[in-house]
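The lines below spell out each chain.
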Amino acid sequence: MPVVVASDAVLLGLLGLLVGSFLNVVVHRLPKMMELRWAAECAELNNASDGLKQKALSEQSATFNLLVPRSRCPHCGHQIRWFENIPVLSFLAMRGKCGNCAAPISPRYPAVEMVCGALFAWCGWKWGLTWEALAWCGFSASVLALACIDWDTTLLPDDITLPLLWAGLCAASLGLITTPLPEALWGAVAGYLSLWMVYWAFKLVTGKEGMGYGDFKLFAAFGAWFGWQALIPMILMASIIGAVVGIGIKVMGQLREGGYVPFGPFLAMSGLTAMIFGPSAILAFIGL
């Protein structure tokens, strides 16, 4: 490996650790911000007597976003200081506990940071310190955040899926990725419509909703980034892994209320696999 590529991988890996720390904030706060926004919209649709409620919700939403307030311990309210917020190192130094009340900190925080750092480092190793690498770093961070949010809440926020879709089309049009713009455009169309048709076919047959509209948008974004040819390998991989994990969870009796398993994390896994190994490698991986 050339020295310049190794240094690029290290630099982007360090950036990924920092971005991963921010993704933890996004995963925790974005669903709550959406709930506040929905509550304010519902209050606005009610009569004028709910004006005070709407005002209170609007003020609450204005003071709760991705930057404000500063992060605190959910157990004791201790404000996280800068040296307690260094990716991975702070978790290790504090032995996975709050520096004030010693309550345990979820290991998912450093896990997200390390996964994001590894993905960024891989982009630097493959593409060097280039615009293409930065484009795929953005893709990686977005998909990682979506996977975590969907697993926690079964939500795939438009705030991430739609920018990811448009970013793929823009990257293709600017030549930042190897996917030609026509393939990216039709990939987005095919990605959305394919899952949309599956959704309605399942609903007509069973009367139930098998997935959410966020899955359509995420798959459309993958079509924009990889082209329409990559969609079949990715959906096959996501479906097979999702089925295996779902059966395993059911056997262990760990299914959440309603008996469902979100599909988004498995779509995300297929997207990251396609980025690292290529869509054709997915077919080989599942034996096709």
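Refer to the structure printed above.
Residues numbered from 1 in each chain as written. Predicted model: local features only at pLDDT ≥ 70, side-chain atom pairs only at ≥ 80, totals over all residues. Heavy atoms only, no water.

Looking now at the overall build of the protein chain. A count of helices and strands for the protein chain gives eleven helices and zero strands. Mapped in sequence order, the helices and strands of the protein chain form the string α-α-α-α-α-α-α-α-α-α-α. When burial is assessed residue by residue, the protein chain has 41% of its 288 residues classed as buried. Long-range pairs, those at least 24 residues apart, make up 70% of the contacts in the protein chain between residues at least 6 apart in sequence. Of the roughly 15,700 Å² of accessible surface on the protein chain, 68% is carried by carbon and sulfur atoms. (Helix = DSSP H or I, 4+ residues; strand = E, 2+ residues; numbered from the N terminus. Buried < 20%, exposed > 50% of the residue type's maximum accessible area, 1.4 Å probe, protein only. Contact = heavy atoms within 4.5 Å. Areas by Shrake-Rupley, 256 points an atom, 1.4 Å probe, with all protein chains shown as cover.)

As a further point, take unusual backbone geometry. Note: most residues except glycine have negative phi, and most peptide bonds are trans. The omega torsion of the bond from Val-68 to Pro-69 falls at -5 degrees, within 30 degrees of zero and hence cis. Here Pro-69 shows up in the loop between helix H2 (51-62) and helix H3 (89-93). Positive phi, close to 65 degrees, is recorded for Val-88, a residue that is not glycine. Within the chain, Ala-102 stands out as a residue other than glycine whose phi angle is a positive 65 degrees.

With 23 residues, helix H5 (residues 131-153) extends 33 Å between its outermost C-alpha atoms, agreeing within 8% with the 33 Å of an ideal straight helix rising 1.5 Å per residue. Phi for Thr-154, located one or two positions after H5, is positive at around 60 degrees. (Expected span 1.5 Å × (residues − 1).)

Moving on to the pattern of salt bridges. The full count for this structure, using the stated rule, is five salt bridges. Of the charged contacts, one joins Asp-152 and Arg-108 as a salt bridge, the two residues approaching to 2.6 Å between their closest N and O atoms. Within this pair, whereas Asp-152 is found in helix H5, its partner Arg-108 is found in helix H4 (residues 108-127), the two being separated by 44 residues in sequence. According to the relative accessible area criterion, Arg-108 is partly exposed, its value standing at 33%. Among the ionic pairs, Lys-203 bridges to Glu-209, the shortest N-O distance being 3.5 Å. (Salt bridge = Lys/Arg side-chain N within 4 Å of Asp/Glu carboxyl O.)

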